[in-house]
Amino acid sequence: MLALDNIHVNYGAIVALRGVSLNVRENELVALIGANGAGKSTALSTIAGVLKPAGGTIIFQGESIAGLAPEKIIRRGIAMIPETREIFSGLTVMENLLLGGYIRKDTVEFKRDLERMIDLFPILGERLNQAADTLSGGEQQQLAIARALMSHPKLLMLDEPSLGLAPTLVNHVFKLVARLHAEGMTILLVEQNVNQTLKICDRVYLLKMGQVAAQGLPENLREHVDVESVYLGDRIDAQ
Amino acid sequence: MSFGSFLQFLIDTLSLGSLYALMALGMVIVYGILRLVNFAYGEYIMVAGYTLFLLSQSPVPWLIMALLSVLAAVGASYLTERVAFRPVREQTVTAMLITSFAVSTLYQNAALLFISPRAKLVPLPDIFSKSIVFAGLVVPLRNILAIIVTFALLGFFALLLKRTIIGIALRAAADKFTMTRMLGIPANLVIGAAFAIHGLLAGVVALFWFGRIGSVTPGIGLAPLLVAFIATVIGGMRSLLGAVVGGYVLALINVAFNNLLTQNFLEYRDAFTFSLVILILLLRPEGLVRAR
Amino acid sequence: MKDKPASTATRSHIITLLILLLPLIIIAAVTKLIGNVLFERVVITLFINLILVLGLQAFMGNSGILSFAHIGFMGIGAYASVLFSMAPQMKKLALPDLPLWLGHLQLPFLPSILIGAIIAALIAAVVSFPLMRLSDASAVITSFALLVVIHTILVHWKTVTNGPQTLFGVDRYTHLETSMCWAFIFIALAYWFKESSIGLQLRASRDEREAASTIGVNIILVRWQGFILSAFMAGLGGGLWAHFITSFSPKAFWLKETFVILSMLVIGGPNSVSGAVVGALLVTGAFEGLRGLENQINIAQILPVQLIGLTEIVLSLTMIVILIKRPLGIMGGREFR
Ligand SMILES: Nc1ncnc2c1ncn2[C@@H]1O[C@H](COP(=O)(O)OP(=O)(O)OP(=O)(O)O)[C@@H](O)[C@H]1O
Ligand SMILES: [Mg+2]
C-alpha cells in the first residue's frame with residue numbers, strides 16, 4: 001500500500017534520513033521504533049507531505065506522492081497524528097472534529113462519524129462544546145486521534161500516541177490502536193513504548209541515525225534488539 | 001470629571017478605537033497564519049482613498065463609491081498576495097517582510113507617478129459633516145457611524161469565524177497552520193480568505209479615516225500602519241480578540257494623552273508609544289491582553 | 001600541517017578583497033581624470049551608500065534578521081558628528097540653544113565623525129541588548145519601533161537638531177579620497193567580521209538556529225556584537241554623508257533611505273560582502289541614472305505631468321523579482337574568488 005524507497009531528508013545542513021526504505025501492506029500494523037532523534041517523526045512528516053524529501057520515492061496505492069502538498073496527501077487517504085498532537089487550542093472539541101472531516105463535506109455523514117467518535121471516545125462526547133485546550137493531556141490525545149479518524153483515512157499514522165500519558169491511559173491507547181487494526185485499518189505507528197508496541201504490531205522497523213537498522217517480525221526483532229540496542233534493551237528490562 | 005466630558009471622552013475613545021480595532025484585526029488575521037506583518041497594509045487604505053477620489057467626478061451615489069473603493073482595497077490585498085507573497089511564502093519570514101516593504105514602496109510611488117504627489121480631495125457624504133447635539137455635547141455623526149459600523153462588522157466576523165467552516169478553518173490556521181493543511185484545508189484558500197478580509201477591513205477603515213482627514217496622499221498609509229503595529233502588539237499579535245481589544249486600548253491611551261499631556265510632551269507621543277511597543281514585546285511577547 | 005590550508009585561505013581572502021577594491025579604485029581614478037563635479041558627487045554618494053550597505057550587511061547579512069533601525073543610527077551619527085565639527089560662530093546661528101560647552105567646542109573632522117559613530121554604537125549597545133532575543137516579525141517590529149523613536153527624537157529635539165527644519169552650515173569635509181578610504185576600510189572590516197569567529201557563529205545561528213545553540217553559540221551575544229558594529233558603521237556613514245551634503249533634516253533618515261539601502265543589500269545578496277558591494281554599485285548606478293533621466297524629462301517638459309517615483313518603482317519591482325527568483329541576491333551568498 002505504502003512504499004518508501006531510499007528516502008533522504010535534510011533540515012538545512014542536518015541530515016535526518018539517509019536512505020530509508022520501508023513498506024506497509026494493506027491492513028497491516030507496522031511499527032517504527034528507534035532512539036530519540038533517530039528520525040521517526042521526520043519519516044512520518046515526510047510521508048504526510050510536511051517535509052519534502054531530498055531524494056527517493058514514496059509510492060502510495062501505486063502512485064508517487066513524494067513532494068505533494070499535505071492537503072493533497074490527506075485526500076489520497078493518509079492521515080497523521082503528530083507527536084505534538086496539534087490540537088487547535090482556540091477551537092471547541094466539536095470544531096476540531098468538524099475540521100477533521102473537512103475533506104468529506106457531507107453533513108449527514110458528519111453526524112454519523114461524530115456519533116462513532118463519541119462511541120469510541122465517550123469523554124469527548126461530554127465535552128463537545130468545551131475549548132480544546134482545556135482538555136487534559138489524555139483527552140487531547142483522544143481528540144487528536146478522533147480528528148484524524150474523521151477523514152476516513154486508508155492509512156493512519158500515529159506519532160508516539162502514548163507520549164506523556166499515565167499508565168492506564170497508555171494501555172487504553174494501545175487497546176484502541178489494536179482495535180482499529182482489528183477493524184481493518186492500516187496503521188503506521190511510531191512508539192517509544194517498545195514492549196507494548198511489539199505485542200500488537202505485525203511488523204517492525206528499527207530506525208537508527210536516519211537509517212533502517214533492522215526490520216522484521218516483532219519476535220525476531222526483540223532478540224535483535226536485546227543484543228544490539230542498549231537503549232531499547234533498557235526499556236524492555238524496565239517494564 | 002463631569003458627565004459631559006466623560007461622555008465626550010468615551011465617544012472619542014470608542015470612535016477612534018473602532019478604527020484602530022479594525023486595523024489591528026486585519027493585521028492579525030494575516031499575521032496569525034503567515035507570521036507576516038504586512039508593511040503594505042496602509043497602502044490598501046491609500047488605494048481605497050484614490051478610488052474614491054477617481055470616482056468623485058462620476059454620477060454614482062456615494063454608497064456605491066464606497067462599496068467600490070472597499071472592493072478596490074480587497075482587490076489590491078488579494079493581488080499582492082497572489083503576485084508577491086505567494087512566491088516567497090516558502091522562504092524565510094524575513095524574505096516575506098522585505099517583500100512587503102518593497103510592495104509598500106511600489107504602491108506609494110505608483111500613486112506619486114500616476115496620480116499626484118499633492119493631496120486629493122475625497123468625496124464624502126453629507127452625513128459625515130453633520131453633528132448631533134446630545135446631553136450638551138456636539139458629536140459628529142461620522143463618529144457615531146464609525147462605532148456602529150465597527151460593531152456590526154465585528155459581529156459579522158464573529159459569526160463568520162464561529163459559524164462557517166471557512167471561518168473555523170481560518171481560526172485553526174491562525175493557531176496551527178501546518179495542521180490545517182494536514183487535514184486537507186488548502187493553504188491557498190485560507191491565505192486568500194485572510195488577505196481578502198485584510199483588504200476589506202482596510203477598505204472600511206479607509207472610509208472613516210478619510211472621513212476624518214478629507215484628502216488622500218501617496219504617503220497616507222503610514223499613520224494607519226503604525227497604529228496597526230501598536231494595537232497588534234498590545235493585543236498580542238496572535239489573538240483576534242486581543243487585536244480588537246488592543247485597538248481600543250491604544251485609542252484610550254491616545255485620547256488620554258491628548259487630554260493630559262502638554263504640547264511639549266505631546267510632540268514625543270510617538271516616541272513614548274513606540275518605546276511602549278518595544279517594552280511590551282520584550283516583557284510580554286503574548287501581548288498585554290491575554291485573550292483568544 | 002595546519003599551516004598550509006590557513007595560508008591558502010588567507011590568500012583567497014586577499015584575492016577576494018582585491019577583486020572588491022579594484023573596480024572601486026578604477027572608478028575613483030577615472031572620476032579624478034574626468035574632473036566632472038556632478039560625476040564626482042555621484043561617486044562619493046556611491047562610496048557612502050557602500051558604507052551604509054556594508055554596515056547593514058554586517059548585522060542583517062550575517063544574522064538573517066531584518067533591522068529597520070540602521071538608518072536611525074546613520075541619523076544619530078550625522079547629527080552627533082556635526083555637533084562636534086561645526087564652527088562655534090555657525091552654531092550660534094544654526095543651533096542657538098546648544099549648551100555652552102558644546103556651543104563653544106569645535107573638533108577636527110576625523111575625531112568628529114569618529115565620535116558620532118561611537119555615540120551611535122553606544123546607543124545601539126545600550127538599547128539593543130534585550131532586543132537580540134527576538135527573531136522574525138517581533139525583531140522587525142521592535143527595530144521598526146526603534147527607528148520611529150529615533151526619528152521622533154530627531155524631529156523634536158530642536159536644541160541639537162534644529163527640529164524638523166533643515167540644519168544648515170555644515171562644512172564640507174567629505175571628498176572623493178576620504179569617502180573612498182572609508183569605503184575600503186569598511187569593506188575590509190565587514191569581510192573580517194564575517195570571517196571572524198563571531199561572524200562565523202552569527203552565520204551559524206542564521207542557518208541553523210537550533211544546531212547553533214546546541215553547539216554552544218551564545219546567539220544573543222554574537223547578535224549584539226554584530227548589531228553594535230553595524231550601528232558604528234551606519235553612524236560613520238551618517239557622519240560622512242552629513243559633511244558631504246552639508247544641509248539636511250531628519251527626513252533624510254527615514255523610510256525612503258531605509259528602502260534604498262535595503263534594496264542594495266537585497267539585490268546584491270545579503271549573505272556576502274561581495275553582494276553588498278555589487279548591490280551598492282548597481283543600485284547607486286541605476287538610481288542616479290534613473291533620477292537623472294527623470295529630471296531631464298521633467299526639465300524638458302516632455303510629458304504633460306511631472307515624472308516622480310519612477311526610480312523607486314523600478315527599484316522595488318527589481319527587488320520583488322529578485323526576492324522571488326533569486327532569494328540570495330545576485331551574488332547568491334558567495335564571495336568573489
Ligand atoms: N526542525 C528541525 N530543524 C533541524 N533539525 C531537526 C528538526 N527536526 C528534527 N531535527 C533533527 O532531525 C533528527 C531526527 O529528528 P526526529 O524528530 O525525526 O527524531 P525522532 O526519531 O522522532 O525523535 P524523538 O523520539 O525524540 O521524537 C534529529 O537529529 C533532530 O535534531
Ligand atoms: Mg519524534
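Here the structure is a predicted model, which is why all the values come from computation and not from measurement. (Residues numbered from 1 in each chain as written. Chains lettered and ligands numbered in written order. Predicted model: local features only at pLDDT ≥ 70, side-chain atom pairs only at ≥ 80, totals over all residues. Heavy atoms only, no water.)

Colleague: Give me the lowdown on the packing of helix α4 (residues 93-114) of chain B against helix α15 (residues 310-325) of chain C, citing residues and values where you can.
Modeller: Remark: α4 of chain B packs on α15 of chain C, axes separated minimally by 8 Å, with the N-to-C direction vectors making an angle of 155°. Relative to α15 of chain C, the element α4 of chain B is oriented roughly antiparallel. Two packed elements cross with a definite hand, and for α4 of chain B against α15 of chain C that hand is left-handed. Residues A95, I98, T99, A102, V103, T105, L106, N109, A110, L113 and F114 of chain B of α4 of chain B lie in contact with α15 of chain C, whose contacting residues are L310, E312, I313, S316, L317, M319, I320 and L323 of chain C. Looking at the contact of α4 of chain B with α15 of chain C residue by residue, the classes come out as 14 nonpolar, four polar and one charged. (Axes fitted to C-alpha atoms, helices over the stretch in contact; angles between N-to-C directions. Helix = DSSP H or I, 4+ residues; strand = E, 2+ residues; numbered from the N terminus. Parallel < 35°, antiparallel > 145°, perpendicular 65-115°, else oblique. Left-handed = near helix turned anticlockwise from the far one by under 90°. Contact = heavy atoms within 4.5 Å. Nonpolar A, V, L, I, M, F, W, Y, C, P; charged D, E, K, R; others polar.)

Colleague: Give a detailed account of the sheet that holds strand β4 (residues 55-60) of chain A, specifying residues and quantitative values.
Modeller: Residues and elements named next belong to chain A. Read from one edge of the open sheet, four strands run β2-β1-β4-β5, paired in antiparallel fashion. Across the chains shown, the open sheet's two edge strands, defined by having one partner strand only, are β2 (14-24) and β5 (63-64). Two elements, strand β1 (residues 2-11) and β2, share eight bridges in a ladder whose sense is antiparallel. Its bridge partner being in β2, H8 is matched across the sheet by R18. Lying on the sheet, helix α1 (residues 40-48) is in contact with β1, β2 and β4; it crosses β1 at an angle near 110°. (Pairing = 2+ DSSP bridges.)

Colleague: With reference to specific residues and values, describe the site of ligand 1.
Modeller: The environment of ligand 1 is made up of 15 residues, and the closest members are G37, K40, S41, T42 and Q192 of chain A. Neighbouring residues of ligand 1 are not confined to a single chain but are spread across chains A and C. Interatomic distance of 3.2 Å between a backbone N/O atom of A38 of chain A and an oxygen atom of ligand 1. Surface burial for ligand 1 is 68%, taken as the share of its 630 Å² of free accessible area covered by protein chains. Breaking the shell around ligand 1 down by element, the ones donating at least two residues are β2 and α1 of chain A. With three residues, the top contributor of residues to the shell around ligand 1 is α1 of chain A. Here the residues of the shell around ligand 1 are counted per class, giving five nonpolar, six polar and four charged. (Near = heavy atom within 4 Å. Polar contact = N/O pair within 3.5 Å; in protein donor to acceptor, adjacent residues only side chain to side chain. Areas by Shrake-Rupley, 256 points an atom, 1.4 Å probe, with all protein chains shown as cover.)

Colleague: Please provide a residue-by-residue account of the packing of aromatic side chains, values included.
Modeller: Summed over the entire model, instances satisfying the criterion amount to 23 aromatic pairs over all chains. The interplanar angle of 15° and the centroid separation of 5.7 Å between the aromatic rings of F128 of chain B and F208 of chain B together place this pair among those described as stacked. Placement of F128 of chain B in the loop between β1 (120-121) and β2 (131-134) and of F208 of chain B in helix α8 (residues 187-213) is noted, with a sequence separation of 80 residues between them. For the pair F128 of chain B and F208 of chain B, a shared accessibility class is recorded, and that class is buried. With a centroid separation of 5.2 Å and 85° between ring planes, the pair formed by F229 of chain B and F144 of chain C is classed as edge-to-face. Of this pair, F229 of chain B sits in helix α9 (residues 222-235) while F144 of chain C is found in helix α7 (residues 136-156), placing the two residues in two different chains. Through a chain of ring-to-ring contacts, three or more aromatic side chains come together here, namely F39, F101 and F229 of chain B together with F68, F144 and F259 of chain C. For the cation-ring pair, R147 of chain A lies above F88 of chain A, with the distance from its terminal atom to the ring centre recorded as 4.8 Å. We note R35 of chain B situated over the ring of Y31 of chain B; from NZ or CZ to the ring centre the distance is 5.5 Å. (Phe/Tyr/Trp six-rings, centres within 6.5 Å; stacked < 30°, edge-to-face > 60°. Buried < 20%, exposed > 50% of the residue type's maximum accessible area, 1.4 Å probe, protein only. Lys NZ or Arg CZ within 6 Å of the ring centre and 35° of its normal.)

Colleague: Quick one: what's the story with the environment of L2 of chain A, residue by residue and with numbers?
Modeller: Mapped onto the secondary structure, L2 of chain A falls in strand β1. Not counting chain neighbours up to four residues away, the residues in contact with L2 of chain A comprise L22, N23, V24, I47, I58, I59, F60, L155 and L188 of chain A.

Colleague: Tell me about the confidence of the model for chain C, residues and numbers included.
Modeller: Averaged over every residue, the pLDDT of chain C is 93; the share at 70 or more is 98%. This complex was scored by the predictor with a pTM of 0.91 and an ipTM of 0.94. (pLDDT = per-residue confidence, 0-100.)

Colleague: Provide a residue-level description of α1 of chain A, including the pertinent values.
Modeller: Residue and element names in this part refer to chain A. The buried fraction of α1 is high, at eight of nine residues. Every buried residue of α1 is accounted for by K40, T42, A43, L44, S45, T46, I47 and A48. Directly after α1, the chain includes G49, whose backbone phi takes a positive value near 90°.

Colleague: I'd like to hear about the coordination of the magnesium ion (ligand 2), residue by residue, with values.
Modeller: Residues and elements named next belong to chain A. Distances from the magnesium ion (ligand 2) to its protein donors, S41 (OG) and E83 (OE), fall within 1.9 to 2.2 Å. Here S41 is found in helix α1, whereas its partner E83 is found in the loop between β6 (78-81) and α3 (93-100), with 42 residues between them in sequence. With a relative accessible area of 31%, E83 lands in the partly exposed category. (Donors = N, O, S within 2.8 Å, 3.2 Å for Na, K, Ca; no water.)

Colleague: Help me get a handle on unusual backbone geometry, residues and values and all.
Modeller: Notably, H152 of chain A is not glycine yet its phi reads approximately 50°, a positive angle. In this structure, H152 of chain A sits in the loop between α6 (137-149) and β7 (155-159). With a phi close to 50°, D136 of chain C is a non-glycine residue in the positive phi region. Along the polypeptide, D136 of chain C turns up in helix α7.

Colleague: Which residues make up the pairing of β1 of chain A, and what are the values?
Modeller: Residue and element names in this part refer to chain A. Bridge analysis of β1 against β4 gives five bridges, and the strand direction is antiparallel. Residue pairing for β4: A3 is matched across the bridge by I59. In this antiparallel pair of consecutive strands, β1 and β2, the connection spans two residues, and G12 shows a positive phi of 55°.

Colleague: Can you lay out the packing of helix α1 (residues 3-34) of chain B against α8 of chain B for me, pointing to particular residues and giving the numbers?
Modeller: Residues and elements named next belong to chain B. For the pair α1 and α8, the least separation of the axes is 9 Å and the interaxial angle reads 160°. By the criterion of interaxial angle, the relationship of α1 to α8 is roughly antiparallel. In this structure, the crossing between α1 and α8 has a hand that is left-handed.

Colleague: Quick one: what's the story with the sheet that holds strand β9 (residues 203-208) of chain A, residue by residue and with numbers?
Modeller: All names here are of chain A. Pairing is mixed in the open sheet, where six strands are placed in the order β6-β7-β8-β3-β9-β10. Of all the strands in the sheet, just β6 and β10 (211-216) have a single pairing partner and so form its edges. Along the sheet, successive strands turn relative to each other by an average axial angle of 15°, direction set aside. In this structure, β7 lies alongside strand β8 (residues 186-190), joined through five bridges in parallel fashion. Bridged to M157 within β8 is L188. α6 rests against β6 and β7 of the sheet, and its axis sits at about 170° to β6.

Colleague: Please provide a residue-by-residue account of the side chain of S263 of chain C, values included.
Modeller: Residue and element names in this part refer to chain C. The topology assignment puts S263 in helix α13 (residues 255-268). When its relative accessible area of 0% is taken as the criterion, S263 is described as buried. When sequence neighbours within four positions are dropped, the list of residues in contact with S263 reads V283, L315 and M319.

Colleague: Any details on the pattern of salt bridges? Residues and values, ideally.
Modeller: Inspection of the entire model under this criterion finds 18 salt bridges over all chains. The salt bridge involving D207 of chain C is made with R206 of chain C; its shortest N-O contact spans 2.9 Å. Taking relative accessible area as the criterion, D207 of chain C reaches 47% and is therefore assigned partly exposed. One network of salt bridges, in which partners are shared, links R25, E28 and R203 of chain A. (Salt bridge = Lys/Arg side-chain N within 4 Å of Asp/Glu carboxyl O.)

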